[in-house]
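Each chain, written out:
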Amino acid sequence: MTRVLILGANGQLARHSTAVLLKTTNVTLTLYLRHASRLKNPDPRRARIIDGDVLNLRALIAAMKDQDVVYANLAGDMKRQAENIIEAMHAAGVKRLIFISSMGIYGEVPGERYRSVLDTYRDSAAAIEASDLDYTILRPGWFTHEPAVHYLITRKGEPFQGHEVSLNSLSDLIVKLCTTPGLHIRESLGVSSG
C-alpha cells in the first residue's frame, strides 16, 4: 500500500486530491498542515493529520518517515520550503516528490508577462530541478470546477496551452503520479484544459 504525505493539506487542490485519492485508491495519507484543527480527518482509518510547518525541518523529517511519496501543495516562501523538503527527503530516504507550482514560471504562456509574483515559484522549481529527487513539478492553469476530466500536458520548453484546468482533471493527474512508479519522473509539466 502506497503511503503519501501531503504538505499544505488544507489548500483547495490538496483537499480535492485527498478526496479523490481516498475514493479511487487504497493509499494511506498523512495530511501535514499548520493549524491542523482547521481540517477534519476525511477517513480516520486511512488518513492521519499532523500539525506542522514545512519550515520546521525536524518536524518535516519526522513526518516523512516511512512515506513513499511526498505531494507538496504550498504557498509563501516557496524556495525555502522547497529547500527544506529536499533536505528532509534526503534525511528520511524518500525519493518521490510531486510539487505544485504555477503556469508562467518559465515565460511559457503565450502573450502573458509575469513578473516578480512568480519569482518564488520559479526559484522553488529551480531548487527542485537541481536536486537528485524523482520529482514531478506541476504547473497548472487557473482552477475551475468543471466536472469533466480532460487535460493537456505541456513539457518544459513548450508553449503552455490555455489558461485553466479543472480541479477534477488536476487531481486525476496527481493520483496517477502518486500511484504509478516512474510516471513523469524529473519533468516539469504544464497542465491545462487546452
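Quick notes on the rules
- Residues numbered from 1 in each chain as written.
- Predicted model: local features only at pLDDT ≥ 70, side-chain atom pairs only at ≥ 80, totals over all residues.
- Heavy atoms only, no water.
- Pairing = 2+ DSSP bridges.
- Helix = DSSP H or I, 4+ residues; strand = E, 2+ residues; numbered from the N terminus.
- Axes fitted to C-alpha atoms, helices over the stretch in contact; angles between N-to-C directions.
- Contact = heavy atoms within 4.5 Å.
- Core = buried A, V, L, I, M, F, W, Y, C linked by side-chain atoms within 4.5 Å.
- Buried < 20%, exposed > 50% of the residue type's maximum accessible area, 1.4 Å probe, protein only.

A. Focus on the sheet that holds strand β4 (residues 69–72). The mixed open sheet is built from eight strands, whose spatial order is β3-β2-β1-β4-β5-β6-β10-β8. Strands at the two margins of the open sheet, each flanked by one partner only, are β3 (47–51) and β8 (152–155). Put simply, the sheet's adjacent strands are angled 20° from each other on average, direction ignored. Pairing analysis gives four bridges linking β8 to strand β10 (residues 187–192), with the strands arranged antiparallel. In the sheet register, R155 faces β10, and the bridge partner there is L189. Lying on the sheet, helix α1 (residues 12–24) is in contact with β1 (3–7), β2 (28–33), β4 and β5 (96–100); it crosses β2 at an angle near 165°.

B. Inspection of the nonpolar core at higher detail. Counting residues in each nonpolar core, the largest one holds 30 residues, and the members touching the most others are V4, I6, L29, Y71, L138 and I174. Elements with a minimum of two residues in this core: β1, α1, β2, β4, β5, α5 (167–179) and β10. The dominant element in this core, judged by the number of residues it contributes, is α5, at seven residues. In this structure, I6 is in contact with A14, T18, L21, L29, T30, L31, Y32 and Y71, ignoring residues within four places of it in sequence. Membership of the second largest hydrophobic core comes to 28 residues, among which are L60, V70, V94 and L97.

C. Examining helix α4 (residues 119–129) more closely. Every buried residue of α4 is listed here: S124, A125, A127, I128 and E129. Residues of α4 that are buried sit in contact with α3 (78–92), β5, β6 (134–140) and β10.

D. Just the environment of E83, in detail. In this fold, E83 is placed in helix α3. Remark: the alpha-carbon pair of E83 and I61, spanning 22 residues in sequence, is separated by 13 Å.

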